[in-house]
Amino acid sequence: MFPQKEIIDLESNEKILYLPTNDAEEAVLAVFKDWTARLRDYGIQISTGPVVAFRAMDYIRESPENAPHPVAPLSGFTM
C-alpha cells in the first residue's frame, strides 16, 4: 500500500500514475523521481503499446455492475 501522493502525480501536465508491484520496482521509482529532466533528455524513448484485451479476458465485464472490483473502461474495446 502507498499513500496516494506517492503513486499519483496530479501536479504534472501528464497526471502520471505509478504502479510499483514489488520492492525492486519501488526502488526504481525512487531513483526515477529524483531525476530532474525529461526522459528524452537522458536519451530514453518509451512506448506503452496498445492494450491487448485478449490477455485480460477474465477481467473484462459487459457492465460495471457485474464486476467484483471497481473497474475502468477499455476505450473503444468490443468483445
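Residues numbered from 1 in each chain as written. Predicted model: local features only at pLDDT ≥ 70, side-chain atom pairs only at ≥ 80, totals over all residues. Heavy atoms only, no water.

## Topic: the overall build of the protein chain
Along the protein chain, the regular secondary structure elements total two helices and two strands. For the protein chain, buried positions account for 10% of its 79 residues. Sequence-distant contacts in the protein chain: of pairs separated by 6 or more residues, those separated by 24 or more amount to 15%. A total accessible area of about 7500 Å² is found for the protein chain, and carbon and sulfur atoms account for 56% of it. (Helix = DSSP H or I, 4+ residues; strand = E, 2+ residues; numbered from the N terminus. Buried < 20%, exposed > 50% of the residue type's maximum accessible area, 1.4 Å probe, protein only. Contact = heavy atoms within 4.5 Å. Areas by Shrake-Rupley, 256 points an atom, 1.4 Å probe, with all protein chains shown as cover.)

## Let's talk about a nonpolar patch on the surface
A surface patch of nonpolar side chains, amounting to about 470 Å² of accessible area, comprises Val31, Trp35, Tyr42, Ile44 and Ile46. Judged by its relative accessible area of 65%, Ile46 falls in the exposed class. (Patch = residues over 30% accessible without salt bridge, like charges linked within 9 Å, V, L, I, M, F, W, Y side chains within 5 Å. Salt bridge = Lys/Arg side-chain N within 4 Å of Asp/Glu carboxyl O.)

## Looking at the confidence of the model for the protein chain
Confidence in the prediction of the protein chain, expressed as mean pLDDT, is 78, and 73% of residues score 70 or more. In the model of the protein chain, helix α1 (residues 4-7) stands out as the element of lowest mean pLDDT, 84, in contrast to helix α2 (residues 23-34), which has the highest, 89. (pLDDT = per-residue confidence, 0-100.)

## Here we look at α2
With twelve residues, α2 extends 17 Å between its outermost C-alpha atoms, agreeing within 8% with the 16 Å of an ideal straight helix rising 1.5 Å per residue. By the N-cap criterion, in which a side-chain oxygen at the helix start approaches the backbone nitrogen of a residue two or three places on, α2 is capped by Asn22, the distance to Ala24 being 3.1 Å. (Expected span 1.5 Å × (residues − 1). Polar contact = N/O pair within 3.5 Å; in protein donor to acceptor, adjacent residues only side chain to side chain.)

## What to know about the packing of aromatic side chains
Note on aromatic pairs: each is described by the distance of the centres and the angle between the planes. By the definition in use, this model includes three aromatic pairs. With centroids separated by 6.0 Å and ring planes inclined at 65°, the aromatic side chains of Tyr18 and Phe32 adopt a geometry described as edge-to-face. Pair noted here: Tyr18 is in the loop between β2 (16-17) and α2 and Phe32 is in helix α2, with a separation of 14 residues, a long-range link. Aromatic rings pair up to connect Tyr18, Phe32, Trp35 and Tyr42 into one cluster. (Phe/Tyr/Trp six-rings, centres within 6.5 Å; stacked < 30°, edge-to-face > 60°.)

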